[in-house]
Amino acid sequence: MDYVRLGTAGLHVSRICLGMMSYGTAAERAWHLDEAEAEPIVKAAVDGGITYFDTADTYSDGVSEQITGRLLARLFDHRDDYVLATKVFFPMGAGRNDRGLSRKHILAAIDASLRRLGTDYVDLYQIHRWDYETPIEETMEALHDVVKAGKARYIGASSMFAWQFAKAQHVAERNGWTRFVSMQNHYNLLYREEEREMIPLCADQGTAVLPYSPLARGMLAGNRSRQGERRTVRAGDDPLSDERYNAAADFDVVDRLVEVAGERGAPPAQVALAWAARPARRDRADRRRHEARPHRRRAGGRRAHPDRGGDGPPGGALRPAPGARPPLRAG
């Protein structure tokens, strides 16, 4: 296992991060594994050198955090031997303040996560989404107070537009508050929107990014076919996968991936992970080509900037420390 710094922060993490969303209760999804089923998988990850684990309060309504905390406590001798990340934003109750990124919810949510995880602190506390109903100043100050209280060592973000991420970082810097050290965003061979704006932003700012869903919810590992065959339990019970990855072009990419993997004698999943974990850099020549390219017209006469493409969805990316390679969230 290789170990890298989390962006320009001093924290060292295993290059592969194990995502813990699949561990929880089958009452939510048929493909969720309980603690006993999860243990051999997590143990194999630990034996392979993985020291970085990512969960969220919303995964199985907190059950994932409980499983994660108990397993890591059993599999590691000391708390400082592993890096633990969790997230806040999605509803955790029926109350109006049981969600979002208000000061009230953040301060309550971190305490609840720590109780479920059975630890005094998390290494990385991430906002799971952008909160359109709460001023970003309120959110960033609350996160800063979480760090200063010793309940989180670092803070990170996930899934937003590049302008939102830049605004949050500016607000923190202007007020002397803790800045985000990482961006966790949707990125894989089938979804590359993050390359338009978030990758250059993070590369410029030295921000680490954890590409989530690097196997496109199993599609890049071959869990379903163009003809509609569902080869795993998850493929048969994952409506979000059907929504995100169902175009003919997606299956064209999978076909090419299988071809490349066959040429190298490797599983397609391994090649897909290697692609997602490659250093995220844009050379100067590439920048010059984009900057020199004239604006173009889109269908319907709309004008689009060459690096934005109009109303694209939020994205994210990663910049490793010099000479290093990025961490990758697998799971």
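Draft legend 1. How the structure looks around the nonpolar core. Formed by 49 residues in total, the largest nonpolar core has its most connected members in Val42, Phe53, Tyr125, Met140, Phe165 and Phe180. Considering every element that reaches this core, the biggest residue donor is helix 4 (residues 136–148), with 6 residues. With residues up to four places along the chain from it excluded, the contact list for Val42 reads Leu18, Met20, Tyr23, Phe53, Leu71, Leu72 and Leu75. In this structure, Ala216, Val260, Ala266 and Trp275 belong to the second largest nonpolar core, which totals 18 residues.

Draft legend 2. Broad picture of the side chain of Thr51. Counting through the fold element by element, Thr51 comes out in the loop between helix 1 (35–47) and strand 4 (52–54). Among all residues touching Thr51, those that are not within four sequence positions of it are Tyr3, Val13, Ser14, Phe76, Asp81, Tyr82 and Val83.

Draft legend 3. Focus on helix 4. Over its 13 residues, helix 4 extends 18 Å from the first C-alpha to the last, a length consistent with the 18 Å expected when each residue adds 1.5 Å. Considering only its buried residues, helix 4 is in contact with helix 3 (103–117), strand 6 (122–127), strand 7 (152–158), helix 5 (162–175) and strand 8 (180–186). Of the residues trailing helix 4, Gly150 is marked for its positive phi of about 80°.

Draft legend 4. Representation of the packing of helix 3 against helix 4 within the structure. Packing of helix 3 against helix 4 brings their axes to within 9 Å, and their N-to-C directions diverge by 30°. It follows from the interaxial angle that helix 3 and helix 4 lie roughly parallel. When you trace helix 3 past helix 4, the crossing you get is right-handed. Side by side, helix 3 and helix 4 meet where Arg103, Ile106, Leu107 and Ile110 of the first sit next to Glu138, Thr139, Glu141, Ala142, Leu143, Asp145 and Val146 of the second. When the residues that make up the contact of helix 3 with helix 4 are grouped by side-chain class, the tally is 6 nonpolar, 1 polar and 4 charged.

Draft legend 5. The arrangement of the packing of aromatic side chains in detail. Tallied over the full model, the rule gives 6 aromatic pairs. When the ring of Phe76 is compared with that of Tyr82, the centres are 5.0 Å apart and the planes differ by 40°; the resulting orientation is tilted. Relative accessible area serves as the criterion here: at 8%, Tyr82 is assigned to the buried category. Between Phe89 and Phe90, the ring centres sit 5.0 Å apart and the planes meet at 80°, which makes this aromatic pair edge-to-face. Given a relative accessible area of 25%, Phe90 falls into the partly exposed group. An aromatic cluster is built from Phe53, Phe76 and Tyr82, whose rings are joined through pairwise contacts. Between the NZ or CZ atom of Arg79 and the centre of the ring of Tyr121, over which it lies, the distance is 4.2 Å. Across from the ring centre of Tyr121, 3.7 Å away, lies the NZ or CZ of Arg153, which sits over that ring.

Draft legend 6. Molecular detail of the pairing of strand 8. With 7 of 7 residues buried, strand 8 lies mostly within the body of the structure. Alignment of strand 7 against strand 8, held across 4 bridges, turns out to be parallel. The partner of Ser158 across the bridge, within strand 8, is Gln184. For the crossover from strand 7 across helix 5 to strand 8, the handedness is right-handed.

Draft legend 7. Seen up close, unusual backbone geometry. Notably, Ser213 is not glycine yet its phi reads approximately 55°, a positive angle. The phi dihedral of Arg217 falls on the positive side, at around 55°, and the residue is not glycine. Mapped onto the fold, Arg217 is located in the loop between strand 9 (208–212) and helix 7 (239–244). Overall, Arg217 belongs to the buried group, its relative accessible area being 15%.

Draft legend 8. Inspection of the packing of helix 4 against helix 5 at higher detail. Where helix 4 contacts helix 5, the two axes come as close as 10 Å, and the packing angle between them is 60°. The pairing of helix 4 with helix 5 is recorded here as oblique in orientation. Helix-helix and strand crossings are classified by hand; for helix 4 and helix 5 the assignment is right-handed. Facing Ile136, Glu137 and Met140 of helix 4, the residues of helix 5 in contact are Lys167, Ala168, Val171, Ala172 and Arg174. Classifying every residue of the contact of helix 4 with helix 5 gives 5 nonpolar, no polar and 3 charged.

Draft legend 9. Molecular detail of the side chain of Thr86. In this fold, Thr86 is placed in strand 5 (residues 83–88). Classification of Thr86 as buried rests on a relative accessible area of 0%. A polar contact of 2.6 Å, which involves the side chain of Thr86, links it to the side chain of Glu65. Each residue touching Thr86, except ones within four places of it in the same chain, is listed here: Thr55, Ala56, Asp57, Glu65, Ser113, Leu117, Val122, Leu124, Tyr125 and Gln126.

Analysis parameters
- Residues numbered from 1 in each chain as written.
- Predicted model: local features only at pLDDT ≥ 70, side-chain atom pairs only at ≥ 80, totals over all residues.
- Heavy atoms only, no water.
- Core = buried A, V, L, I, M, F, W, Y, C linked by side-chain atoms within 4.5 Å.
- Buried < 20%, exposed > 50% of the residue type's maximum accessible area, 1.4 Å probe, protein only.
- Helix = DSSP H or I, 4+ residues; strand = E, 2+ residues; numbered from the N terminus.
- Contact = heavy atoms within 4.5 Å.
- Expected span 1.5 Å × (residues − 1).
- Axes fitted to C-alpha atoms, helices over the stretch in contact; angles between N-to-C directions.
- Parallel < 35°, antiparallel > 145°, perpendicular 65-115°, else oblique.
- Left-handed = near helix turned anticlockwise from the far one by under 90°.
- Nonpolar A, V, L, I, M, F, W, Y, C, P; charged D, E, K, R; others polar.
- Phe/Tyr/Trp six-rings, centres within 6.5 Å; stacked < 30°, edge-to-face > 60°.
- Lys NZ or Arg CZ within 6 Å of the ring centre and 35° of its normal.
- Pairing = 2+ DSSP bridges.
- Right-handed = clockwise from strand over helix to strand, strands pointing away.
- Polar contact = N/O pair within 3.5 Å; in protein donor to acceptor, adjacent residues only side chain to side chain.

In short, geometric facts, not functional conclusions.
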